[in-house]
Protein chains: 2
Amino acid sequence: MRDVSIIGIGQTKVAEHWERSLRHLAADAVMAAMRDAGVERADALYVGNMLSGELSGQENLGALIADFVGLRGIEAAKIEAACASGAAAVRMGYLAVASGLLDVVIAVGVEKMTDQGSEIVTAALATAADADYEVVNGVSFISLNALIMRRYMHEYGIPHEDFAGFPVNAHKNAATNPNAMFQSPISLETFKRAKMIASPINLMDSSPVADGAAAVVLAPSDLARRFQAAPVRIIGSANATDSLAVHDRHDPLFLSAAALSAQKAYRQAGLGPADVDFFELHDAFSITAALSLEAAGFAERGQATRLAKDGEISLSGRIPVCTLGGLKARGHPVGATGVYQIVEAAQQLRGQAGPNQVKNARIGMTQNIGGSGAAVITHILAAAE
Amino acid sequence: MRDVSIIGIGQTKVAEHWERSLRHLAADAVMAAMRDAGVERADALYVGNMLSGELSGQENLGALIADFVGLRGIEAAKIEAACASGAAAVRMGYLAVASGLLDVVIAVGVEKMTDQGSEIVTAALATAADADYEVVNGVSFISLNALIMRRYMHEYGIPHEDFAGFPVNAHKNAATNPNAMFQSPISLETFKRAKMIASPINLMDSSPVADGAAAVVLAPSDLARRFQAAPVRIIGSANATDSLAVHDRHDPLFLSAAALSAQKAYRQAGLGPADVDFFELHDAFSITAALSLEAAGFAERGQATRLAKDGEISLSGRIPVCTLGGLKARGHPVGATGVYQIVEAAQQLRGQAGPNQVKNARIGMTQNIGGSGAAVITHILAAAE
C-alpha cells in the first residue's frame, strides 16, 4: 500500500441553504478543496451522501457532481453508510490512492435536508435503523437514542444535566467557527430549560438537521508536497460495523463498532488514546458523544460525562472534542458530517483553526457514526513533519 | 497494486421474490459465494444497491447485510451508481484488495423492487436521471431511452424490428439458465406484436423489474488458489462517467462514458475488442445494448443491430452477448445487475455455464451502465491459466 495524505480541504457553511441545490453545495466544497490543493484534475470523486434519493429524488450523485464540477468522465460513485457516509467516502478514497491505481482522489460529503418538512426528514433518517424490526414498531432515530440515553442514566446513576457539558462545549467552539450553523454559546440554564424532544433527549442534546458539504483531496504522501506545503497524513483508517437493531446487541451501552474501528485505527497508526491531541467525535446526541468517548478509550465506561463536567473536552483540556462546534453546533448534514470532521481535523493539524486552535496539535482523530452505532469509521491524522 | 482474483461466486434466481426480504436475498448470494470460495470470514463487504431507501425504507445496507450473514464487525458500506451500483461495488472491492490493506472482500449486489407498485418503482428509477433538469419535466427513465432510440432509428435509418435480435438472443440464452427470470424463448413475431411501452420501446425491448442478488468474493491473485482451483483474474477494471442529463451531451447517440470505461479497461488489460471472447453488456433496453456494443468497439456506429441480425452475438458467434440471458431475460434487479454480469462471466471462464458455455472462453468483458450512460463500469476477466 501507499501512504496517503490530504492535500486539499474545502467546506460550505452549515446552514439552511434554501438558495443552493444539492449539486451546488457539493460543487462549492469540491472546488474549494481543489483550489486549496492547487489541482485542476482528479482521477476519481467519491460522494458521501445518505438521503439524496429520499429527500431530493436524486441518485447517481457520483456522476452528477463529477460533471457539475467540470470533471465529466472521471471515476465516480456514491458511498452510503447512514450518517457515516462522509467518512466512508474518505475511506474509499484512501483505499483507492493506497492501491496505487489512482493518484488524486476527491471525497465530498453532501446533504440537503431542509427542503423537506420535518416529518419527511424524520422518516428518512429512520432508514438508518432496522426497517423490518425497529422502524416497523414505530421508533424514530431519536427515540431509539432516547432509549439508550435513558438506560445509560439508569445504569450509571447519571443525572440528565451531567450531559450539558457536551452541548455547552460544542456551542462555545462553534461561536468562533464561521462555517458553523449556530455561532452562539449556550449556558447550563439554556440546556436545562430546553424543550424535551424524546425524553430524556432535549433540544440541546440534539444536533440540527442542516444542509452542507465538505470535501478533501487525497494523494500519495510522496507526491503530496508538490501540491500542498502542509499535507496532513492519514496514519489510521478503519471501518467497522455492528447490528443495525439496538436490541440485537449484547450490550446497548457499548458501541462495539466504535471500539473496533478505533482499535484498528490505533493499531495501524501505532498509537493509543494518550497520543491523540484532539478528537472530532460524533455528537449527534449528547449520549452518542459519551458513548464514543468511552468506546474510543478516552473514558472508562459510565465516566464520559465527567470529562465534560471537568472541562477536559475543552480546547485546552486533556482531550478537546468538537473543536469547531461538532455535530451539535457546527451542524449535522448527515452524509457530509464525516468529511466536515476530517476537514476540521486538517484545519487543526495545519494550524489554521484560528481562535479554535488546539495548541501543538500533531495527532487528531475523527470518528463518524452511522445508525445507532452500526457503521463507524475512524481516522487518525498526523500533521506534516 | 496487487493483482486481484475472484475466488467465489453466488447468486439467487432473479424473480418476484415476495417471500424473501432484501436482507435474505443478499445473504443467500453472499453465503453461496462464501461456500464457493471456501471462506468463513472476510475483511469487508461492499453492497451494490440503488433503491433500498426509496423502495424498502432501508439504508445502511452494508452493516445490515454484514451482520445478517454472520460477519458482524467487519468493514462495510453501500455503493451506489444507479443501475451500475453492482459493478461499482465490485470495483471498490477490487481497489480495496489491490491496496494491500484488505485480503478477502465480498461484493454483493442486491435489489428488491417488486414489493412496490409500478408507479412507485418508475419514480424511483427516475432518480438515476437528472432530477432538476430532466425528471422535473416529466420524463421517466424509459421515456428518456425512447427518445434516444427514436433518434438512433432516424439517424441511421434503422427500422424497429432490426433490434429484435437482442431480445431474441437474450431469451434464447435465458431458457437454459436456471437463475433467469424468463426461461422462455421468444420469436421475431413475439417482438413485433409486443405491447408498446414508450414508443418506440416495446415490452420486448425492455428488461423487467425484478428482485435478486449476486455476490463475488475477491482475494489477491497470489493467494487465490488456496481457496479456489479456478480463480478468475480481474485484468481490467474501470469506472467512467458522463453528464446525467442526456441533453447535456455532445452526442446523445454515443455513450462516451462506456467508451472511456472500456478504453481504460482495455489499456489496463493490454487487450482490445478482438481479444474478448464474450461480452456481458447492459441491455436494459435494446437500444442500450446497441450503444454499448458500439461504444466498446465491437461495432461501428449505427451498425450494432447488424451484429444481432447476423447472429454474431449468439453463443457461437463472433462476440456472444448476454450469454445467460442478459438484463432482458435473466432479469434486471438494478443494483444487483452488475454483479450478476460478473458472476456469469466467471461461470463462463470457469467452464461452468452448462448448455450456455461459450467454447474456449478465456477472456470475458462486462459492462454495467448507470443512468442513460452516466456511470459505466467495465471489467475484463481472464480464466485461470
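Residues numbered from 1 in each chain as written. Chains lettered and ligands numbered in written order. Predicted model: local features only at pLDDT ≥ 70, side-chain atom pairs only at ≥ 80, totals over all residues. Heavy atoms only, no water.

How should the domain arrangement of chain A be read in this particular structure?
How big an interface is tends to be expressed through the accessible area that disappears when the partners come together. Residues and elements named next belong to chain A. The assigned domain composition of chain A is domain 1 (4-117 + 210-224) and domain 2 (139-207 + 232-382). On a C-alpha basis, the centroid separation for the pair domain 1 and domain 2 is 22 Å. Each partner contributes residues to the interface: domain 1 has 43 residues there, and domain 2 has 36 residues. Summed over both partners, the interface of domain 1 with domain 2 buries about 2900 Å², with 64% contributed by carbon and sulfur atoms. Of all residues in domain 1, the largest losses of buried area upon contact with domain 2 belong to Gln-11, Val-14 and Cys-83, amounting jointly to 23% of the total for that side. Counting across the domain 1 and domain 2 interface gives one salt bridge. (Domains from an automatic or database assignment. Contact = heavy atoms within 4.5 Å. Buried area = accessible area lost by both parts, 1.4 Å probe. Salt bridge = Lys/Arg side-chain N within 4 Å of Asp/Glu carboxyl O.)

Before we go on, may I ask you to explain the relation of the copies chain B and chain A in this structure?
Once turned by 180° and shifted 0.0 Å along the axis, chain B lies on chain A with an RMSD of 0.0 Å. Such a combination of rotation and displacement between the chain copies is what one expects of a two-fold axis. Residue B:Ser99 of chain B places its C-alpha closer to the rotation axis than any other residue of that unit, at 1.7 Å. (Least-squares fit on C-alpha atoms with pLDDT ≥ 70 in both.)

Just to check I follow, could you spell out the side chain of A:His171 for this structure?
Residues and elements named next belong to chain A. Its location among the elements puts His-171 in helix α7 (residues 165-174). A relative accessible area of 3% means that His-171 is categorised as buried. Leave out the neighbours within four places in its chain, and His-171 touches Phe-182, Ser-184, Pro-185, Ile-186, Met-204, Lys-328 and Ala-329. (Helix = DSSP H or I, 4+ residues; strand = E, 2+ residues; numbered from the N terminus. Buried < 20%, exposed > 50% of the residue type's maximum accessible area, 1.4 Å probe, protein only.)

Whenever I open this one, the environment of A:Gly272 confuses me. Can you help?
Residue and element names in this part refer to chain A. When you line up the elements, Gly-272 lands in the loop between α10 (256-269) and β9 (278-280). Residue classification places Gly-272 among the buried positions, given a relative accessible area of 17%. The spatial distance from the C-alpha of Gly-272 to the C-alpha of Ala-384 is 19 Å, given a sequence separation of 112 residues.

Even after reading the chapter, I still don't get the state of the cysteines, so can you show me in this structure?
A covalent bond bridging the sulfur atoms of two cysteines is what the word disulfide describes. For the structure on display, the rule yields zero disulfides over all chains. In this structure B:Cys83 is a free cysteine whose sulfur lies 15 Å from that of B:Cys322, the closest cysteine sulfur available. (Disulfide = S-S within 2.5 Å.)

Would you take a moment to explain the interface of chain B and chain A for this structure?
Listed as interface residues are 60 residues of chain B and, on the opposing side, 60 residues of chain A. Buried area between chain B and chain A, summed over both chains or domains, comes out near 4500 Å², and the portion from carbon and sulfur atoms is 51%. Where chain B meets chain A, there are eight salt bridges. Residues B:Asp130 and A:Arg23 are paired through a salt bridge, measuring 2.6 Å at the closest nitrogen-oxygen approach. Connecting chain B to chain A are 30 residue pairs in polar contact (both at pLDDT 80 or more). At the level of secondary structure, the elements contributing two or more residues to the side of chain B that touches chain A comprise α2 (52-56), α3 (61-68), β3 (75-80), α4 (85-98), β8 (232-241) and α10 (256-269) of chain B. Classifying every residue of the side of chain B that touches chain A gives 29 nonpolar, 16 polar and 15 charged. Pairing of strand β3 (residues 75-80) of chain A with β3(B) involves three bridges; the strand directions are antiparallel. Along β3(B), the bridge assignment pairs A:Lys78 with B:Glu80. (Polar contact = N/O pair within 3.5 Å; in protein donor to acceptor, adjacent residues only side chain to side chain. Nonpolar A, V, L, I, M, F, W, Y, C, P; charged D, E, K, R; others polar. Pairing = 2+ DSSP bridges.)

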